Amino acid sequence: MSQKPIYLDCHATTPMDERVFEAMKPYFCDRFGNPSSVHVYGWEAESAVKQARTIIADAINANPEEIIFTSGATEANNLAIKGVAEAYFSQGKHIITVTTEHRAVLDPCQYLASLGFEVTYLPVQSDGLIDLQQLSLAIREDTILVSVMAANNEIGVLQPLAEIGSICHEHQVLFHTDAAQAIAKIPLDVAKMQIDLMSLTAHKVYGPKGIGALYIRRRSPKVKIAAQLQGGGQEKGIRSGTLYPPQIVGFAKAVELGMGVMETESKYLLQLRGQLWSKLKSLPGIHLNGNLNQRLPGNLNLSIEGVDGAALLLGLQQTVALSSGSACSAASTAPSHVLTALGRNKKLAHASLRLGIGRFNTTEEIATVAQEVAATIEALRQANHWQPKEKRNEEISNPASAVSGKR
Ligand SMILES: *Cc1c(COP(=O)(O)O)cnc(C)c1O
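Naming follows an unreviewed UniProt entry, where the chain appears as cysteine desulfurase of Hyella patelloides LEGE 07179. The Catalytic activity (unreviewed entry) field of the UniProt record for the chain holds the comment "(sulfur carrier)-H + L-cysteine = (sulfur carrier)-SH + L-alanine". Entered under Sequence similarities (unreviewed entry) in the UniProt record, the comment concerning the chain runs "Belongs to the class-V pyridoxal-phosphate-dependent aminotransferase family. NifS/IscS subfamily."

Structure below.
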């Protein structure tokens with residue numbers, strides 16, 4: 001095993017762009033200051049953080065003072081959901097979210113439920129999108145927060161943020177969106193989309209791990225947030241802890257690069273995905289999970305009949321690094337909660353592949369992956385004596401071929 005497999009797991013994390021690394025370098029040893037310090041070392045770091053904050057704010061049409069740096073989207077989601085719950089509980093204890101959210105949204109909600117909050121989990125339609133009318137109907141007098149993700153980390157579907165924002169605004173309920181997969185990949189505009197809180201992370205967009213942000217609206221309405229980390233009072237007291245300039249500078253560089261190439265990169269990724277999908281959909285018994293059009297350009301998620309999910313991953317692991325539809329945590333073999341929410345049965349939810357194509361993948365790589373995935377599926381199906389449905393129906397009407405098919 002000299003060569004590593006082709007990386008096609010960009011929803012788990014992306015390779016860091018070299019240009020991001022270059023931008024970060026000076027802030028480790030040379031410009032090492034603490035942005036809170038009141039001397040030239042501090043000012044140097046503070047000025048870099050300020051610039052980064054502006055770049056990130058601009059990318060979502062927010063103001064710099066509305067950006068609170070966190071350790072990533074997990075922390076941003078926790079801060080948004082628990083912070084709003086704690087600040088607004090006297091107005092109501094009802095929260096609305098969606099069954100297909102990331103665990104970093106579902107688990108804080110579940111935690112709040114254990115404290116006496118009430119959580120409504122909206123189902124999704126078979127294409128992964130929520131029903132807006134269902135959302136309107138779920139909002140109550142005591143609803144304080146609606147949390148719906150921008151782009152799904154398994155099936156890539158894009159929820160209708162502007163429509164959701166408008167419904168929330170109309171009912172005067174706060175709208176939080178987890179945009180970990182969306183920042184600098186699809187257009188985001190907190191003003192136009194009427195978003196009150198937005199979670200961001202750097203490492204899904206070719207930036208470093210361990211850095212993210214929460215956007216918190218400051219005007220109409222001014223969103224109140226109860227701090228979840230107390231200490232030195234950094235980030236307006238909302239998130240204490242010494243800021244980490246290399247990570248923050250890297251985050252901003254990644255966002256800046258992403259914004260600069262958003263359109264051309266989307267086209268490129270769509271082309272690669274089309275190449276992969278057109279090859280794989282020529283096989284029988286392959287099901288696309290999630291809406292094909294309302295979707296991140298680099299995402300493909302497939303359920304495959306006639307194969308075992310674990311065997312498929314094992315068969316592919318030398319060639320391609322990707323993930324399957326079983327829960328992300330390695331220890332768990334439960335089928336994905338996202339795929340079961342689409343109505344996929346356990347078997348199909350299990351026998352699935354999540355392909356996350358990114359900036360550094362090439363046409364040649366995609367051709368190799370398409371070839372290998374198809375060959376592995378065919379080999380496993382042969383071993384399982386699997387036949388496509390139409391054939392099996394034929395067998396029923398033609399006993400002779402049914403016998404030969406049994407071998
Ligand atoms: C990756 C991801 C997270 C977690 O982000 P971290 O920065 O790794 O904590 C949260 N939500 C979604 C949708 C994600 O894809």
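One open sheet holds the four strands; their spatial order is 9-10-13-12, and the pairing between them is antiparallel. Lying at the two open borders of the sheet, with one neighbouring strand each, are strand 9 (286-288) and strand 12 (323-324). As defined by bridge partners, strand 12 adjoins strand 13 (residues 352-356) across two bridges and the pair is classed as antiparallel. When the bridges of strand 13 are listed, Ser 324 appears paired with Leu 353. In this fold helix 7 (residues 245-280) packs onto strand 9, strand 10 (299-304) and strand 13, with an angle of close to 15 degrees to the strand it touches most, strand 10.

All right, on to the sheet that holds strand 8 (residues 212-216) then. Here we have seven strands laid out as an open sheet, ordered 2-8-7-6-5-3-4, and mixed in their pairing. Each end of this open sheet is capped by a strand with a single partner; those strands are strand 2 (67-70) and strand 4 (118-122). Within this sheet the neighbouring strands show an average axis-to-axis angle of 20 degrees, counted without direction. Relative to strand 5 (residues 143-147), strand 3 (residues 94-98) is paired through three bridges, and the arrangement is parallel. The residue bridging Ile 96 from the neighbouring strand is Val 146, located in strand 5. Where helix 2 (residues 40-59) meets the sheet, its contacts fall on strand 2 and strand 7 (197-201), and the angle it forms with strand 2 comes to roughly 110 degrees. Strands strand 3, strand 4, strand 5 and strand 6 (174-178) of the sheet are contacted by helix 4 (residues 103-114), whose axis makes an angle of about 155 degrees with strand 3.

Time to look at the packing of aromatic side chains. Summed over all chains, the structure comprises three aromatic pairs. Both rings, one in Phe 32 and one in Tyr 41, keep their centres 5.4 Å apart while their planes meet at 35 degrees; by these two values the pair is tilted. Here the basic side chain of Lys 224 rests over the ring of Tyr 88, its NZ or CZ set 4.9 Å away from the ring centre.

Within the structure, the ligand sits among Gly 72, Ala 73, Thr 74, His 102, Met 149, Asn 153, Asp 178, Ala 180, Gln 181, Thr 201, His 203 and Lys 204. The separation between an oxygen atom of the ligand and a polar main-chain atom of Ala 73 is 2.9 Å. The side chain of Lys 204 places a nitrogen or oxygen atom 2.7 Å from an oxygen atom of the ligand. Bound to the protein, the ligand loses 88% of the 390 Å² it would expose on its own. Class assignment for the residues of the shell around the ligand results in three nonpolar, seven polar and two charged.

Looking at the secondary structure, you find Ile 56 in helix 2. Distance from Ile 56 to Ile 183, taken between C-alpha atoms, is 9.3 Å for residues 127 residues apart in sequence. With residues near it in sequence (within four places) discarded, Ile 56 still touches Ile 67, Phe 69, Leu 200, Phe 251, Ala 252 and Val 255.

Moving on, we come to a nonpolar patch on the surface. Residues Phe 32, Val 38, Val 40, Tyr 41 and Trp 43 make up a contiguous nonpolar surface patch of about 590 Å² in total accessible area. Relative to the assigned elements, Val 40 resides in helix 2. By relative accessible area, Val 40 is classed as exposed at 52%.

Attention now goes to the pairing of strand 2. Burial of the side chains of strand 2 extends over both faces: Ile 67 and Phe 69 are buried on one face and Ile 68 and Thr 70 on the other. Pairing analysis gives four bridges linking strand 2 to strand 8, with the strands arranged antiparallel. Looking at strand 8, one finds that Thr 70 is bridged to Gly 212.

The rules behind each value
- Residues numbered from 1 in each chain as written.
- Predicted model: local features only at pLDDT ≥ 70, side-chain atom pairs only at ≥ 80, totals over all residues.
- Heavy atoms only, no water.
- UniProt positions renumbered as here; feature names shortened; annotations may be inferred.
- Pairing = 2+ DSSP bridges.
- Helix = DSSP H or I, 4+ residues; strand = E, 2+ residues; numbered from the N terminus.
- Contact = heavy atoms within 4.5 Å.
- Axes fitted to C-alpha atoms, helices over the stretch in contact; angles between N-to-C directions.
- Phe/Tyr/Trp six-rings, centres within 6.5 Å; stacked < 30°, edge-to-face > 60°.
- Lys NZ or Arg CZ within 6 Å of the ring centre and 35° of its normal.
- Near = heavy atom within 4 Å.
- Polar contact = N/O pair within 3.5 Å; in protein donor to acceptor, adjacent residues only side chain to side chain.
- Areas by Shrake-Rupley, 256 points an atom, 1.4 Å probe, with all protein chains shown as cover.
- Nonpolar A, V, L, I, M, F, W, Y, C, P; charged D, E, K, R; others polar.
- Patch = residues over 30% accessible without salt bridge, like charges linked within 9 Å, V, L, I, M, F, W, Y side chains within 5 Å.
- Salt bridge = Lys/Arg side-chain N within 4 Å of Asp/Glu carboxyl O.
- Buried < 20%, exposed > 50% of the residue type's maximum accessible area, 1.4 Å probe, protein only.

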